[in-house]
Amino acid sequence: MIETNETHDPGLRSWLDSANDDTLGFPVQNLPYCVFRRRGAQGGYHPGVGIGDQILDLNALAQAAPFSGDAARALAACRGSELNALMALGAPCWSALRLALSRGLRSGSPLQGTIEPLLVPQADAEYVVPARIGDYTDFYISLHHATAVGRQFRPDNPLLPNYKWVPIGYHGRASSIGVQQHFHRPVGQTRPTQEGGPPGFGPCERLDYEVELGVFVGTGNALGQRVPMDEAESHVFGLTVLNDWSARDVQAWEYQPLGPFLSKNFASTVSPWIVTLEALAPFRLPFQRGADDPQPLPYLASARNTAAGAFDVRLSTTLSTDTSRREGLAPAALSHSNFRDAYWTVSQLLAHHTVNGCNLQPGDLLGTGTLSGPTPAEAGSLLELTQGGKAALSLPWGETRTFLLDGDEVALGAECSKPGYPRISFGAAVGRILPARDLSYVV
């Protein structure tokens, strides 16, 4: 478990003025990773680090070779078009590179003259998913979300018997994960309107978002090798914002007996930015369970996890529509929640995923599942906010929504903040819904 060090000093300032602007959330204490290229460029994408309103091109910095030791080794791994090579190196190299970058970007650094010409404005950049994601697992770790959704279908017994004992998850689709996605409304089968009748078929009518965080795996584990709790975080590169879009009407028909399939795999949107676990060290919290809840089994428990396994990460959701954008109106704020309220921690997800010998690989993505809070205003989906579509939301410009319509754009954000420390931003996962594609070939 990473402790705070000199890179977390709240008094650090950068020679780049915009890095000291707390509204941006990209101070020298953050240094999140992305993969980008200058907008309109014909060349390939390269790893970068966010600082202020700029991106430091790590491929270009690697050619200058300003570092030594593990930092140099880590920087050399950033010469490609994705972060997997860096992820595979492990925590000592990640930490060494963070320290070297922090020192190079601080006020008074002798490397300013080397680094400054390698900065690219974020406004001039276009992004891709920052790692090659081999596999994607989505968990279901919010007790509040599981209870709220379960209550809609099983009012007297909303949680299934295994929920408080095992981190529930399913295997998702890695190929449809993207950044800044514009995707077409999915189509599929839906529940029959009459008992015993044929299912419906057509465009999804109950399209929803899900507020999640994504956990990017760093170093993997060999097939058959378990990752114990006290080693789990050394296998985690960092966290990102994740929107795992859901076709609720398709899901209601298909999810039994084997769980979600076409209702989930049409699109999942991540932020372009990965915030490292090391950057989050000042925002750790104790992991707590209710006195009446069962305590985790021994393979999911550790003293370190109990002391500081949770993270204070605030999540937010906004919605804009064709109408609001045409009228130049600000997006509507839908809800806020916090990762600290999750029922399972990052370490527990890694430990559980590998307890049967499953081998994780650099770049694999684990979703937390919808992160809702204990109050109705902290719901992480429209399914909860509208009580399954029974209570429409009123938007500031006069429209209402139960589920998402074509042209709607959802932006999920995350940040860490506390008095006396610079704000840490995760950027945003932004997606917009396009009309369903032509269905003439199937009807």
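Residues numbered from 1 in each chain as written. Predicted model: local features only at pLDDT ≥ 70, side-chain atom pairs only at ≥ 80, totals over all residues. Heavy atoms only, no water.

In the annotation of an unreviewed UniProt entry, the protein chain is listed under the name fumarylacetoacetase and assigned to Bordetella flabilis. Comment text from UniProt for the protein chain, heading Pathway (unreviewed entry), reads "Amino-acid degradation; L-phenylalanine degradation; acetoacetate and fumarate from L-phenylalanine: step 6/6." (UniProt positions renumbered as here; feature names shortened; annotations may be inferred.)

Draft legend 1. Looking closely at the overall build of the protein chain. Across its full length, the protein chain carries 12 helices and 26 strands. Over its C-alpha trace the protein chain gives a radius of gyration of 22 Å, about what one expects of a compact globule, namely 22 Å for 443 residues. Looking at the protein chain residue by residue over its 443 residues, the buried ones come to 56%. Residue pairs at least 24 apart in sequence account for 74% of intrachain contacts in the protein chain once pairs closer than 6 positions are excluded. Total accessible area on the protein chain stands at roughly 18600 Å², and carbon and sulfur atoms take up 52% of it. (Helix = DSSP H or I, 4+ residues; strand = E, 2+ residues; numbered from the N terminus. Rg over C-alpha atoms; globule rule 2.2 N^0.38 Å. Buried < 20%, exposed > 50% of the residue type's maximum accessible area, 1.4 Å probe, protein only. Contact = heavy atoms within 4.5 Å. Areas by Shrake-Rupley, 256 points an atom, 1.4 Å probe, with all protein chains shown as cover.)

Draft legend 2. Focus on the environment of G357. Following the sequence through the fold, G357 ends up in the loop between α11 (346-354) and β22 (365-367). With relative accessibility at 7%, the residue G357 sits in the buried group. For the pair G357 and Y127, spaced 230 residues apart in sequence, the C-alpha separation works out to 34 Å. With residues up to four places along the chain from it excluded, the contact list for G357 reads A222, L223, G224 and Q225.

Draft legend 3. Representation of the nonpolar core in the model. In this structure, Y209, L239, W245, F339, L404 and F426 are the most contacted members of the largest nonpolar core, which totals 67 residues. Top contributing element to this core by residue count: strand β26 (residues 421-434), with 5 residues. Counting residues in hydrophobic clusters, the runner-up holds 53 residues, among them L56, A71, C78 and V179. (Core = buried A, V, L, I, M, F, W, Y, C linked by side-chain atoms within 4.5 Å.)

Draft legend 4. Summary view of unusual backbone geometry. For the bond running from Q256 to P257, omega is 10°, close enough to zero to count as cis. Among the secondary structure elements, P257 is positioned in the loop between α8 (248-254) and β16 (268-270). If you check the backbone angles, L31 has positive phi at about 60° while not being a glycine. Its place among the elements puts L31 in the segment before β1 (33-38).

Draft legend 5. Quick look at the side chain of E409. Note on placement: E409 falls in strand β25 (residues 409-418). Here E409 falls in the buried class, since its relative accessible area comes to 19%. At 2.8 Å, the side chain of E409 and the side chain of R432 are in polar contact. With residues near it in sequence (within four places) discarded, E409 still touches H182, T318, L319, S320, R325, V430, G431 and R432. (Polar contact = N/O pair within 3.5 Å; in protein donor to acceptor, adjacent residues only side chain to side chain.)

Draft legend 6. View of the environment of L99. Among the secondary structure elements, L99 is positioned in helix α4 (residues 91-105). A relative accessible area of 25% places L99 in the partly exposed class. A sequence separation of 238 residues divides L99 from S337, and the C-alpha atoms of the two residues are 31 Å apart.

Draft legend 7. Local environment of the pattern of salt bridges. For the structure shown, the criterion picks out 18 salt bridges. For D124, the salt bridge identified is with R38, shortest N-O distance 4.0 Å. Placement of the pair is D124 in the loop between β4 (119-121) and β5 (125-128) and R38 in strand β1, with a sequence separation of 86 residues. On the basis of relative accessibility, which here comes to 42%, the residue R38 falls in the partly exposed class. When salt bridges that share partners are traced, they join D208, E210, D244, R248 and K264 into one network. (Salt bridge = Lys/Arg side-chain N within 4 Å of Asp/Glu carboxyl O.)

Draft legend 8. How the structure looks around the domain arrangement of the protein chain. When the domains of the protein chain are assigned, the result is domain 1 (6-128) and domain 2 (136-434). Contact residues are listed per partner, giving 31 residues for domain 1 and 28 residues for domain 2. In total, about 2300 Å² of surface goes out of reach between domain 1 and domain 2, with carbon and sulfur atoms giving 66% of it. The largest share of the area that domain 1 buries against domain 2 comes from H8, M87 and W94, three residues that together contribute 25% of it. Put simply, domain 1 and domain 2 have 0 salt bridges between them. Taken together, domain 1 and domain 2 are joined by 10 residue pairs in polar contact (both at pLDDT 80 or more). Elements with a minimum of two residues in the side of domain 1 that touches domain 2: β1, β2 (46-51), α3 (84-89), α4 and β5. (Domains from an automatic or database assignment. Buried area = accessible area lost by both parts, 1.4 Å probe.)

Draft legend 9. Representation of the sheet that holds β4 within the structure. Strand order across the open sheet formed by 5 strands is β4-β3-β2-β1-β5, with antiparallel pairing between neighbours. If you trace the sheet from one side to the other, it starts and ends with β4 and β5, each paired once. Neighbour to neighbour, the strand axes of the sheet diverge by 50° on average, direction disregarded. The pairing of β1 with β2 spans 4 bridges and is antiparallel. Looking at the pairing, V35 lines up with P47 of β2. (Pairing = 2+ DSSP bridges. Axes fitted to C-alpha atoms, helices over the stretch in contact; angles between N-to-C directions.)

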